[in-house]
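Chain by chain, the residues:
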Amino acid sequence: MFKIVTDSTADLPAEYLQEHDLGCINLSYIMDGVTYGQGQELPEKEFYALMRNGKMPTTSQVNPEEAKNHFLKYLKENKEILCIAFSSGLSGTYNSMRVAAEEIMEEQPDCRIIVIDSLCASLGEGLLVYKAVTLRDQGKSLEEVAEWVKNNRLHLVHVFTVDDLYHLYRGGRVSRATAVVGTLAGIKPKLHVDDEGHLIVIGKVRGRKKSLHALVDYMEEKMGSYRDQNDIVFISHGDDLPAAELVRDLVKERFGIDSFLINYVGPTIGSHSGPGTLALFFMGEER
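Conventions adopted
- Residues numbered from 1 in each chain as written.
- Predicted model: local features only at pLDDT ≥ 70, side-chain atom pairs only at ≥ 80, totals over all residues.
- Heavy atoms only, no water.
- UniProt positions renumbered as here; feature names shortened; annotations may be inferred.
- Buried < 20%, exposed > 50% of the residue type's maximum accessible area, 1.4 Å probe, protein only.
- Helix = DSSP H or I, 4+ residues; strand = E, 2+ residues; numbered from the N terminus.
- Pairing = 2+ DSSP bridges.
- Salt bridge = Lys/Arg side-chain N within 4 Å of Asp/Glu carboxyl O.
- Core = buried A, V, L, I, M, F, W, Y, C linked by side-chain atoms within 4.5 Å.
- Domains from an automatic or database assignment.
- Contact = heavy atoms within 4.5 Å.

Looking at an unreviewed UniProt entry, one finds the chain named DegV family protein and attributed to Waltera intestinalis. Checking UniProt for the chain, the heading Function (unreviewed entry) contains the comment "May bind long-chain fatty acids, such as palmitate, and may play a role in lipid transport or fatty acid metabolism."

Draft legend 1. Up close: the pairing of strand E8 (residues 156–161). Burial analysis of E8 places 6 of its 6 residues in the buried class, the great majority of the element. Of the two faces of E8, the one carrying Leu 156, His 158 and Phe 160 and the one carrying Val 157, Val 159 and Thr 161 are both buried. As judged from the 6 bridges shared by E8 and strand E13 (residues 278–283), these two strands associate in the antiparallel manner. Paired with Thr 161 across the strands is Leu 278, a residue of E13. Inspection of the sheet shows E8 paired to strand E9 (residues 187–193) by 3 bridges, in the antiparallel sense. The residue bridging Thr 161 from the neighbouring strand is Lys 190, located in E9.

Draft legend 2. Quick peek at the pattern of salt bridges. Following the criterion strictly, the structure yields 17 salt bridges and no others. Where Arg 254 meets Asp 217, a salt bridge forms, and the shortest distance between an N and an O atom there is 2.8 Å. Placement of the pair is Arg 254 in helix H10 (residues 241–255) and Asp 217 in helix H9 (residues 208–223), with a sequence separation of 37 residues. Look at Asp 217 and you get partly exposed, because its relative accessible area is 40%. Residues joined by salt bridges that share partners form a network here, namely Lys 3, Asp 21 and Glu 77.

Draft legend 3. The nonpolar core, seen in detail. Formed by 39 residues in total, the largest nonpolar core has its most connected members in Leu 12, Leu 22, Leu 82 and Phe 234. Mapped by element, the contributors of at least two residues to this core are helix H1 (14–19), strand E6 (80–85), strand E7 (112–117), helix H5 (122–137), helix H6 (142–152), E8, helix H7 (165–170) and E13. Top element by residues in this core is H5. It accounts for 8 residues. Built from parts of two domains, this core gets at least three residues from each of domain 1 (3–27 + 62–153) and domain 2 (156–283). Among residues more than four places away in sequence, those in contact with Leu 22 are Lys 3, Ile 4, Leu 12, Tyr 16, Leu 17, Val 129 and Val 133. Listed in part, the 31 residues of the second largest apolar core include Val 5, Ile 25, Val 62 and Ile 269.

Here it is as structure tokens:
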């Protein structure tokens, strides 16, 4: 059986990674002068508390050397690897992993590493990994699973809202004027990840509660013929579990889905989306 590897931006719980023998390459970030992510972790609750107190983290992508070291470690136990990487529209990590894989396969022709650009982020990437794990555990080959991931990644729909527009402004996602006016007026943006894997603002709603309902409305709009493929729905949050539970209950009530995975938006993406982010991930006709 081949090894599935992803990166920390998939925001999957550590228990899930361990239970399914998944490899995970961590992206690092700097908070208050300290580098985290490579062996030293900051609990998510603490991370968001620091952000709420005005600390501004900076993030960095995985470089080819780091990727290569991780792959070589995983190759000791398995000669076949499927790596599902963070969207190339948001980071250079996929490219680093691709370069590392090509180098290794030249040096070790007996091994096989397929690196796929997920074009996804947070638990959107995580849900794609979950689907790949399910297929692998059903006995599908490396090539079959890789093919499924490539063919279905653009059916992995992301929709999310943020509580504070300032972080999106800082990352160049919205203009300063939009951030200032929107914050004063209590405007909450609705965003998604497009087919190129970029974060795009697709609407705005006045008030937090309405913005959460709008995520579920978007799900209804986008599911289409993929409704039956949503045996499980993923939800990530920037340290706002009650909001995640509200969205879970709305999805449950409207679509009858009763299997969910809820987890934090991890530090790499949370650095840019900020505390209070709420994201919903599901399979749909199109993004």
